[in-house]
Amino acid sequence: MNLIACKFGGTSLADSNQFRKVAAVVRSDARRRAVVVSAPGKRHKQDPKITDILLSIHDMVCRKMDPSPSIALLRERFLEIERELEVDAAMALHLDAFERSVRDGADRDWIASRGEHFSARIMAAFLGATFVEAEGTVFLTPNGLVDEKTWNELPKVLPESGIFVMPGFYGTGPNGKVKTFSRGGSDISGAILARAAKADLYENWTDVSGLLMADPRIVPDAAPMEIVTYRELRELAYSGANVFHEEAILPCKQAAIPIRIANTNRPDDSGTLIVPEDQAADRPIAGVAGRSGFSILQIEKTLMNKERGFGRRVLGILETKGVSYELSPSGIDSMCVVIDQEDFASTQDAVLEEIQRTCEPDAISVERDLALIATVGHGMAHRTGVASRLFLALAQAGVNVRIIDQGASELSIIVGVDASDLAKGIKAIYDAFVRN
Ligand code: ASP
């Protein structure tokens, strides 16, 4: 292995002590040459994140309020880190220039990006590393995704030897100005640098020792996942697991770079390894996740199975009304569509009316407050008994299953239950697969 790209999140950079821990992690392995940093995060629960301070500065300027107190807070945080690390990263000059730009009406994304920018400047000075600017080398599409141009431009500026530090969270948008990814987007920048630097591994350093098999608010002693594939993780993230930024998986997946989630405060813990599909672990499930807030649209019509295009017409109506759907299990004379409740709220009446008019169903109804629970794992393919274990566990816990969906890829089994049964269902499934 030649090169490891590592990204450090906000809590790993909250103060000078955390900066020192990060530097120790980087220096402990000569292959850790490509570094991406977030903006300093919270030092304690009530502490504001630097990015939130920056966003509030912009907000105050827009509302014609005086941003001076927030700018002072920002200065204090960065100058303190610089002073305590005993480095010269010219922070006072950078902060003066920042204040002038803010008062001259700098735009929101540029202001928001400065947390990562300053953080990277200090880290580069502290490590004696090269600072690699993300502006003009990382490019974003109009909807905030990675622009392919990045793969040509970013590798050109990466040094052949030594450590280099790039700020996370931003790049250049289609209009040539600084544009940020969505919140938590430094994970994406880390993945981008990993791919551009042809890293053999992308390490995502945070404040937890890996990803858990279930939400710890529901299963307090949930075990960490040792190994999980990109697709398993995407299914879990989509189904409500609070894992790292979903869009960050893509650049690594495209280049088959494994990702390791590690803990800056406990660097010796093994963490979680996210790997390509062909390296899936042989265990029945990777994890279980769920979320509530869904509605079920149920449609019945005798001889629906003989009516060509019925499903297409229903889904077409949803499409023209701008509603996307999650699942659509169907029977012989019935079909149901699971839709995000909030998305559906404003269009529901119009959708029902249109279906009534064009599909002439015998009955149509909408039920709210459904939860979806996804039990995910490559290991369930070609393994008998996974479904029976799952449904037995739900039955024994007294959870009524409203909807069942198992994709053809056999990567997950999704069940729809009453929202009030969400936690009970997750707990029962976790116990059945992990504790037994
Ligand atoms: N600092 C940004 C945020 O708070 C990006 C990141 O930390 O990933 O969302």
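You'll find the structure just up there.
Residues numbered from 1 in each chain as written. Predicted model: local features only at pLDDT ≥ 70, side-chain atom pairs only at ≥ 80, totals over all residues. Heavy atoms only, no water.

> Tell me about the site of the ligand, and please be specific about residues and values.
As a structural note, the neighbourhood of the ligand is formed by Ser38, Lys49, Thr51, Glu116, Phe169, Arg183, Gly184, Gly185 and Ser186. One nitrogen or oxygen atom from the main chain of Gly184 is found 2.7 Å from an oxygen atom belonging to the ligand. When grouped by side-chain class, the residues that make up the shell around the ligand number one nonpolar, five polar and three charged. (Near = heavy atom within 4 Å. Polar contact = N/O pair within 3.5 Å; in protein donor to acceptor, adjacent residues only side chain to side chain. Nonpolar A, V, L, I, M, F, W, Y, C, P; charged D, E, K, R; others polar.)

> Go over the pattern of salt bridges with me, naming the residues and quoting the values.
Scanning all chains against the criterion turns up 26 salt bridges. Here Glu99 and Arg75 are joined by a salt bridge, their closest N and O atoms 3.0 Å apart. Of this pair, Glu99 sits in helix H4 (residues 91–103) while Arg75 sits in helix H3 (residues 68–85), and the two are 24 residues apart along the sequence. On the accessibility criterion, Glu99 (19% relative accessible area) is buried. Via salt bridges that share partners, Asp66, Arg75, Asp96, Glu99 and Arg103 belong to a single interconnected network. (Salt bridge = Lys/Arg side-chain N within 4 Å of Asp/Glu carboxyl O. Helix = DSSP H or I, 4+ residues; strand = E, 2+ residues; numbered from the N terminus. Buried < 20%, exposed > 50% of the residue type's maximum accessible area, 1.4 Å probe, protein only.)

> An account of the packing of aromatic side chains is requested, with residue identities and associated values reported.
Evaluation of the coordinates by the stated rule reveals four aromatic pairs. Taken together, a centroid distance of 5.4 Å and an interplanar angle of 80° make the contact between Phe78 and Phe118 edge-to-face. Separated by 40 residues along the polypeptide, Phe78 in helix H3 and Phe118 in helix H5 (residues 108–127) bring together distant segments of the chain. On the basis of relative accessible area, Phe78 is assigned to the buried category, the value being 0%. An angle of 20° between the planes, with centres 5.9 Å apart, marks the rings of Phe98 and Trp110 as stacked. Separated by 12 residues along the polypeptide, Phe98 in helix H4 and Trp110 in helix H5 bring together distant segments of the chain. Here the aromatic residues Phe78, Phe98, Trp110 and Phe118 are joined through ring pairs into a cluster of three or more. If you follow Arg114 out to its NZ or CZ, it ends over the ring of Tyr170, 5.4 Å from the centre. (Phe/Tyr/Trp six-rings, centres within 6.5 Å; stacked < 30°, edge-to-face > 60°. Lys NZ or Arg CZ within 6 Å of the ring centre and 35° of its normal.)

> Pulling in residues and values, what's your account of the sheet that holds strand E10 (residues 272–275)?
Here we have eight strands laid out as an open sheet, ordered E3-E4-E2-E1-E7-E9-E10-E8, and mixed in their pairing. Each of the sheet's edge strands pairs with one partner strand only, and the pair in question is strand E3 (130–131) and strand E8 (227–229). Bridging between strand E9 (residues 259–263) and E10 involves three bridges; their strand directions are antiparallel. Residue pairing across strands places Ile261 opposite Thr272, the latter belonging to E10. The sheet strands contacting H5 are strand E2 (32–37), E3 and strand E4 (164–167), and the helix crosses E4 at an angle near 170°. (Pairing = 2+ DSSP bridges. Contact = heavy atoms within 4.5 Å. Axes fitted to C-alpha atoms, helices over the stretch in contact; angles between N-to-C directions.)

> Now, about the pairing of strand E1 (residues 4–8): what can you tell me, with residues and values included?
With respect to burial, E1 is a largely interior element, five of its five residues being buried. Residue alternation in E1 divides its side chains into two sets, Ile4, Cys6 and Phe8 and Ala5 and Lys7, and both sets are buried. Bridge count between E1 and strand E7 (residues 201–206): five bridges; the pairing is parallel. The residue of E7 that forms the bridge with Lys7 is Asn204. Summarising the sheet, E1 and E2 pair through five bridges and their orientation is parallel. Looking at the pairing, Cys6 lines up with Val35 of E2. Note on the crossover from E1 through helix H1 (residues 16–27) to E2: the handedness is right-handed. (Right-handed = clockwise from strand over helix to strand, strands pointing away.)

> Can you break down the nonpolar core residue by residue, with the values?
Core analysis: the largest hydrophobic core is formed by 78 residues, its most contacted members being Leu154, Phe244 and Ile274. For this core, the leading source of residues is helix H14 (residues 422–435), giving seven residues. When near neighbours in sequence (up to four residues on either side) are disregarded, Leu154 contacts Val132, Thr137, Val138, Met166, Ile192, Leu193 and Ala196. (Core = buried A, V, L, I, M, F, W, Y, C linked by side-chain atoms within 4.5 Å.)

As far as function goes, none of this settles anything; it's purely spatial.
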